[in-house]
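Close look at the chain arrangement
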Amino acid sequence: MNCSQALYLCGISHENANAEQIGVCGVAKENCVAKERLILEKYGLAEVVLLSTCNRVEYYFVGDKIDVEAFKLELFGDANKLCYFKKNKEVVSHLFEVASGLKSQMTGETEIFGQVKTAYLRSFESNHCGRILNAVFQKSAQVGKWIRTNTEIGHGKISIGSVSAELALHIFEDISKANILLVGSGEAGKLIADALYVRGAQNITIVSRTRENSDKLAKEIGVRSADLNDGLDQLGLFDIVVCASSAGELISCDMVKSSMKKRVSPMFLIDLSVPKNIDENCADLDDVYLYDMKNLSDIASSNMNMRKGEIATAKSIIDKKAEALVEKLKL
């Protein structure tokens, strides 16, 4: 690395922006490589990794001094004032905490660990990484795994899947008899479907805008799939509806209200989508239980209160490991 170059991070997350703002700044999986290539060439960067999830959009890069404000404006538009910008050790510590689940909306959740690894591998395979980001991201995987293995951060009902499944078990006495509709074939929906399935749920139907994707996920879990419109038209047949799609509003209050007239048992709705798939007014309907990411996060956070000491311990360990790596890389 040239002596004038440094490690940087420019990003936005649930800690400083709402879901809609993050959604606008996000980059679809199929466009990430092109986005990385664009900023590599435009700003003369040496390396870059783009991490884009429903809760954070972050650019990790190595390069010379850049126009920070112009960089923020191009990558984050109207949300540029919300961005954080970090350098060298701050970047390393931040990534280690992200990979360990300490900066997740649901502290300790495991999904982000895989997302970080996927973002790095994509960039690595595109030749967008070099000595610095290779070392930082590879070490983040080691640190994330160590924290989850050697602390209590990842134990208990603190993941999207486990919290959602436990709530469902409180509402329905026998989850094996519940009819479940999963709208969306992404990772978030899969986590809940898996959590429900291992707890005894058997009647799960998966739908999405692309039938091929829903067929693939259904086969992987061992459940059914159907066309999106068919699933929504038969909404009243389902006891639990999980939405994790980027399609915008799919379920209106009128749809749920009409469906409830045909039911004698409650309906449990989980909306993990950005923008939301389910009209928020559904929460006001009798026998309808609507939870979104914030609700689930609050429950998970309360489950973490007893382990606050573990968070402090994990951060202390991460700080030492980050310091050692920064010294080794001479950042």
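It should be noted that the structure appears before, not after, this text.
A quick note: this is a predicted structure, and the numbers were derived from the prediction, not measured.

1. Section: the packing of helix H7 (residues 160-171) against helix H8 (residues 187-198)
Where H7 contacts H8, the axes come no closer than 8 Å and their chain directions differ by 50°. Considering their axes alone, H7 and H8 lie oblique with respect to each other. Handedness of the H7/H8 crossing: right-handed. Contact residues: Ile160, Gly161, Ser162, Ser164, Ala165 and Ala168 in H7; Leu191, Ile192, Ala195 and Leu196 in H8.

2. Some points on the sheet that holds strand E3 (residues 56-63)
With antiparallel pairing, four strands are arranged side by side in an open sheet as E2-E3-E1-E4. Each end of this open sheet is capped by a strand with a single partner; those strands are strand E2 (47-52) and strand E4 (84-87). For this sheet the average axis-to-axis angle between neighbouring strands, irrespective of direction, equals 15°. Note: E2 against E3, six bridges, orientation antiparallel. The partner of valine 48 across the bridge, within E3, is phenylalanine 61. In the packing of helix H2 (residues 32-43) onto the sheet, the strands contacted are E2 and E3, and the crossing angle to E2 comes to about 140°. Docked against the sheet, helix H4 (residues 89-99) engages strand E1 (6-13), E2, E3 and E4, running at close to 145° with respect to E3.

3. Topic: the pairing of E1
Of all eight residues in E1, eight are buried; the element is thus mostly enclosed. Residues Ala6, Tyr8, Cys10 and Ile12 line one face of E1 and the alternating positions Leu7, Leu9, Gly11 and Ser13 line the opposite face, and both faces are buried. Taken together, the four bridges between E1 and E4 define a ladder with antiparallel strand orientation. Its bridge partner being in E4, glycine 11 is matched across the sheet by tyrosine 84.

4. Observations concerning the environment of asparagine 134
With respect to the helices and strands, asparagine 134 occurs in helix H6 (residues 131-150). The spatial distance from the C-alpha of asparagine 134 to the C-alpha of serine 214 is 34 Å, given a sequence separation of 80 residues. When near neighbours in sequence (up to four residues on either side) are disregarded, asparagine 134 contacts Glu47, Tyr120, Phe124 and Cys129.

5. What about the environment of phenylalanine 113?
Within the secondary structure, phenylalanine 113 sits in helix H5 (residues 111-125). Residues within four places of phenylalanine 113 in sequence aside, it is in contact with Ala99, Ala141, Gly144, Lys145 and Arg148.

6. A look at H4
Most of H4 sits out of view: nine of its 11 residues are buried. The set of residues buried in H4 consists of Val91, Val92, Ser93, His94, Leu95, Phe96, Glu97, Val98 and Ala99. Positive backbone phi, approximately 85°, marks glycine 101, located one or two places after H4.

7. Remarks on the layout of surface pockets
Picture a little ball the size of a water molecule; that probe, rolled over the atoms, points out where space is still empty. Counted as a void, the largest pocket has a volume near 1500 Å³. Lining the largest pocket are 43 residues, with Lys29, Gly186, Glu187, Ala244 and Ser246 positioned closest to its centre. Secondary-structure elements contributing two or more residues to the lining of the largest pocket are helix H1 (19-25), E2, H5, H8 and helix H9 (211-221). When residues in the lining of the largest pocket are grouped by element, the largest group, six residues, is from H5.

8. Considering empty space enclosed by the protein
With the rule as written, the count across this model stands at one cavity of 30 Å³ or more. In this structure, the largest cavity occupies an estimated 140 Å³ of space. Broken down by element, the residue count for the lining of the largest cavity peaks at three residues, all from H5. Counted by class, the lining of the largest cavity contains six nonpolar, six polar and four charged residues.

9. Focus on the side chain of serine 273
Secondary-structure assignment places serine 273 in the loop between strand E9 (267-271) and strand E10 (288-292). You can call serine 273 buried: its relative accessible area is 6%. In terms of polar contacts, serine 273 uses its side chain to reach the side chain of asparagine 277, at 2.5 Å. When near neighbours in sequence (up to four residues on either side) are disregarded, serine 273 contacts Cys243, Ala244 and Ser245.

10. Overview of the packing of aromatic side chains
Any two aromatic rings considered together are summarised by their centre-to-centre distance and by the angle between their planes. Inspection of the entire model under this criterion finds 10 aromatic pairs. Residues tyrosine 8 and phenylalanine 85 carry aromatic rings whose centres are separated by 5.7 Å and whose planes lie at 45° to one another, so their mutual orientation is tilted. You can see tyrosine 8 sitting in strand E1 and its partner phenylalanine 85 sitting in strand E4, a full 77 residues away along the chain. We classify tyrosine 8 as buried; its relative accessible area is 6%. A residue is classified by how much of its surface remains accessible, and phenylalanine 85, at 25% relative accessible area, is partly exposed. Seen in terms of ring centroids, phenylalanine 61 and phenylalanine 71 are 4.8 Å apart; in terms of plane orientation they differ by 40°. Their pairing is tilted. A residue pair is termed long-range when its members are at least 10 positions apart, and phenylalanine 61 in strand E3 and phenylalanine 71 in helix H3 (residues 68-76) qualify at 10 residues. Taken individually, phenylalanine 61 and phenylalanine 71 each receive the classification buried, so the pair is uniform in this respect.

So, how was this worked out
Residues numbered from 1 in each chain as written. Predicted model: local features only at pLDDT ≥ 70, side-chain atom pairs only at ≥ 80, totals over all residues. Heavy atoms only, no water. Axes fitted to C-alpha atoms, helices over the stretch in contact; angles between N-to-C directions. Helix = DSSP H or I, 4+ residues; strand = E, 2+ residues; numbered from the N terminus. Parallel < 35°, antiparallel > 145°, perpendicular 65-115°, else oblique. Left-handed = near helix turned anticlockwise from the far one by under 90°. Contact = heavy atoms within 4.5 Å. Pairing = 2+ DSSP bridges. Buried < 20%, exposed > 50% of the residue type's maximum accessible area, 1.4 Å probe, protein only. 1 Å grid on protein atoms, 1.4 Å probe; cavity = no way out; pocket = protein on both sides within 12 Å on 5 of 7 lines; lining within 4 Å. Points joined across faces, edges and corners; volume = space filled by probe spheres on them. Nonpolar A, V, L, I, M, F, W, Y, C, P; charged D, E, K, R; others polar. Polar contact = N/O pair within 3.5 Å; in protein donor to acceptor, adjacent residues only side chain to side chain. Phe/Tyr/Trp six-rings, centres within 6.5 Å; stacked < 30°, edge-to-face > 60°.

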